Amino acid sequence: MTTITEINTLEDAARKAVSSTMISPRFYTTDHDYMNQINIEPVRAEWDIMMKEYEGDNNQDHFIRDADFAKEVDELLPKLDPELRKEFLDFLVTSLTSEFSGCVLYNEIRGKITNPDIKQLMTYMARDESRHAGFINSSLRDFGLGVNLGDLKRDKPYTYFKPKFILYATYLSEKIGYARYITIFRQLEKNPDKRFHPIFRWFQRWCNDEFRHGESFALIMRANPSLLQGGNIYWIRFFLLSVYATMYVRDHTRPALKMAMGLDPTQYDYEVFRITSEISKQVFPITLDTDHPKFRQEMDYLHRVADRFYEAKAKGGITGLIQQGWYASLGFLSFARLYFIPVKHHKLPKEIRLAPIW
């Protein structure tokens, strides 16, 4: 099992947030000239309806901690098992970094373009992600921890992505975020005795924001169909697999977290893949065959190779470095085998937008 670094101090939290690994959230920058030229006229009617929803700001009071939140914190935190505490803190820092990554990207795009439609969208999405990041950070402070977001913005390495990669990756990040959070919310709604922290009571509101963000990117891509045709299908396939594989590996580094909720990590992941695949049919003409026996075999192999890679990294020295290279090559080959498993093809629906009904 991959060892998760313990987060005991503010410095530990900061190091975790700025770290760059194969499965850690990244900060991105992109081509602003391209973003400035995006045309949404083919979906204007649906776009304007969505902008009205954003303008209504129905989540402005969603991420405010109430008296019951504080009471639950006082009652539940002292009861956390040490391993669960370690994995939960890792989850909080990773989630905060992911949410703040979106905030930073959207703010950067907003400040460097003049396209009124995309500028307006980026303003609303940055607002939402800022609230999410702040809400998570307040839960970290309950542990006497927290992340300085100004320092994180300055110190975290940035990765350049082409605009179409930003569209694919962000759409999937938002939709799989919805699927993850709603699956946890439904589980704890049925089993409130397994809710070991009050933050999970906010997951439905939180994931509905994620869902709407994904809808925005779905409209952009459907308005520009060349993004969903030809050679771009291979890039869509790559990002689908990358997002699923990253989630699978990351969740299997934190088994105590899911088990505490009464969830088996593997079953949970495949339920999330199922929901995400159903949703993504609104915009992508392919879905991965996550029920294929070879797919499941390779995903399990990939996470075990990742375990060995991080064990070698922790070992250090020349031997550890050689082993890292070996396991990285095995991971690459496993990913390649996953990539070439046949995918499912389908026609895009006439109606683009979906409702968060899962």
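Above this text is the structure in question.
What you are looking at is a predicted structure, and each value in this text was computed from that prediction instead of being measured.

Draft legend 1. Representation of the environment of proline 356. Assignment of secondary structure puts proline 356 in the segment after strand E4 (344–345). A residue is classified by how much of its surface remains accessible, and proline 356, at 37% relative accessible area, is partly exposed.

Draft legend 2. Structural view of the side chain of aspartate 128. Inspection of the secondary structure assignment puts aspartate 128 in helix H6 (residues 116–141). A residue is classified by how much of its surface remains accessible, and aspartate 128, at 0% relative accessible area, is buried. The residues contacting aspartate 128, other than those within four sequence positions of it, are Tyr54, Asn59, Arg212 and His213.

Draft legend 3. Expanded view of the side chain of lysine 156. Note on placement: lysine 156 falls in the loop between helix H7 (149–155) and strand E2 (158–160). Aspartate 155 provides the closest opposite charge to the buried, unpaired lysine 156, separated from it by 11 Å. For lysine 156, the side chain forms a polar contact with the main-chain oxygen of alanine 17, separated by 3.0 Å. Among the polar contacts listed, one links the side chain of lysine 156 to the backbone oxygen of proline 25, at a separation of 2.9 Å. Those residues in contact with lysine 156 that lie beyond four places of it in its chain are Ala17, Val18, Ser19, Pro25, Arg26, Phe27 and Thr97.

Draft legend 4. Quick peek at the layout of surface pockets. Taken as a whole, the largest pocket holds about 1,400 Å³ of empty space. Those elements giving two or more residues to the lining of the largest pocket turn out to be helix H5 (82–112), helix H8 (163–190), helix H10 (232–251), helix H13 (293–315) and helix H14 (317–339). Of the residues assigned to the lining of the largest pocket, the class counts are 26 nonpolar, 13 polar and eight charged.

Draft legend 5. Representation of the packing of aromatic side chains. Counted under the stated rule, the structure contains 37 aromatic pairs. Between tryptophan 235 and phenylalanine 238, the ring centres sit 6.0 Å apart and the planes meet at 85°, which makes this aromatic pair edge-to-face. Here the residue tryptophan 235 and the residue phenylalanine 238 both occupy positions in helix H10, the gap between them amounting to three residues, near one helical turn. Tryptophan 235 sits in the partly exposed class, given a relative accessible area of 35%. Judged by its relative accessible area of 30%, phenylalanine 238 is partly exposed. Taking 5.7 Å as the distance between ring centres and 65° as the angle between the ring planes, the aromatic pair formed by phenylalanine 238 and phenylalanine 335 counts as edge-to-face. Of the two residues, phenylalanine 238 is situated in helix H10 and phenylalanine 335 in helix H14; the sequence distance between them amounts to 97 residues. Grouping aromatic residues by their ring pairs yields a cluster made of Tyr28, Phe161, Phe165, Tyr168, Tyr171, Trp235, Phe238, Phe239, Phe284 and Phe335. Sitting over the ring of tyrosine 339, arginine 237 keeps its end group 5.1 Å from the ring centre.

Draft legend 6. Region of the structure containing empty space enclosed by the protein. Applying the stated criterion across every chain, the model contains one cavity of 30 Å³ or more. Considering only enclosed or pocket space, the largest cavity measures out at about 50 Å³ in volume. Split into classes, the residues belonging to the lining of the largest cavity amount to seven nonpolar, no polar and two charged.

Draft legend 7. Broad picture of the packing of H8 against helix H12 (residues 265–280). Two elements in contact, H8 and H12, have axes separated by 9 Å at closest approach and are oriented at 130°. By the angle between their directions, the pair H8 and H12 is classed as oblique. For the crossing formed where H8 meets H12, the hand is right-handed. Only Tyr268, Glu271, Val272, Ile275, Thr276, Ile279 and Ser280 of H12 make contact with H8, whose side of the interface consists of Tyr171, Lys175, Ile176, Tyr178, Ala179, Arg180, Thr183 and Ile184.

Draft legend 8. Expanded view of helix H4 (residues 67–76). Among the residues making up H4, those that are buried are Phe69, Glu72, Val73 and Leu76. The arc that holds the buried residues of H4, viewed along the axis, is 105°, so those residues lie on one side. Opposite the buried face of H4, at more than 90 degrees from it, the exposed residues are Ala67, Lys71 and Asp74. Looking at the buried residues of H4, the elements they touch are H6. A side-chain oxygen of the first residue of H4 lies 3.3 Å from the backbone nitrogen of aspartate 68; this N-cap is aspartate 66.

Draft legend 9. Focus on the pattern of salt bridges. In total, this model carries 32 salt bridges according to the counting rule given. Connected through shared salt-bridge partners, Glu41, Arg44, Asp48 and Asp117 make up one network.

Draft legend 10. Expanded view of the packing of H10 against H13. Where H10 contacts H13, the two axes come as close as 9 Å, and the packing angle between them is 55°. By the criterion of interaxial angle, the relationship of H10 to H13 is oblique. The way H10 lies across H13 gives a crossing that is right-handed. Taking contact as the criterion, the partners of Leu241, Tyr244, Ala245, Tyr248 and Val249 in H10 are, on H13, Phe295, Met299, Asp300, Leu302, His303 and Ala306. Within the contact of H10 with H13, the residues separate by chemical class into nine nonpolar, one polar and one charged.

Draft legend 11. Inspection of the environment of alanine 314 at higher detail. Relative to the helices and strands, alanine 314 resides in helix H13. Relative accessible area serves as the criterion here: at 68%, alanine 314 is assigned to the exposed category. In this structure, the C-alpha to C-alpha distance between alanine 314 and threonine 5, residues 309 residues apart in sequence, is 9.9 Å.

Conventions used here
- Residues numbered from 1 in each chain as written.
- Predicted model: local features only at pLDDT ≥ 70, side-chain atom pairs only at ≥ 80, totals over all residues.
- Heavy atoms only, no water.
- Helix = DSSP H or I, 4+ residues; strand = E, 2+ residues; numbered from the N terminus.
- Buried < 20%, exposed > 50% of the residue type's maximum accessible area, 1.4 Å probe, protein only.
- Contact = heavy atoms within 4.5 Å.
- Lys, Arg positive; Asp, Glu negative; His and termini not counted.
- Salt bridge = Lys/Arg side-chain N within 4 Å of Asp/Glu carboxyl O.
- Polar contact = N/O pair within 3.5 Å; in protein donor to acceptor, adjacent residues only side chain to side chain.
- 1 Å grid on protein atoms, 1.4 Å probe; cavity = no way out; pocket = protein on both sides within 12 Å on 5 of 7 lines; lining within 4 Å.
- Points joined across faces, edges and corners; volume = space filled by probe spheres on them.
- Nonpolar A, V, L, I, M, F, W, Y, C, P; charged D, E, K, R; others polar.
- Phe/Tyr/Trp six-rings, centres within 6.5 Å; stacked < 30°, edge-to-face > 60°.
- Lys NZ or Arg CZ within 6 Å of the ring centre and 35° of its normal.
- Axes fitted to C-alpha atoms, helices over the stretch in contact; angles between N-to-C directions.
- Parallel < 35°, antiparallel > 145°, perpendicular 65-115°, else oblique.
- Left-handed = near helix turned anticlockwise from the far one by under 90°.
- Arc of directions from axis to C-beta.

That is the geometry; function is a separate question.
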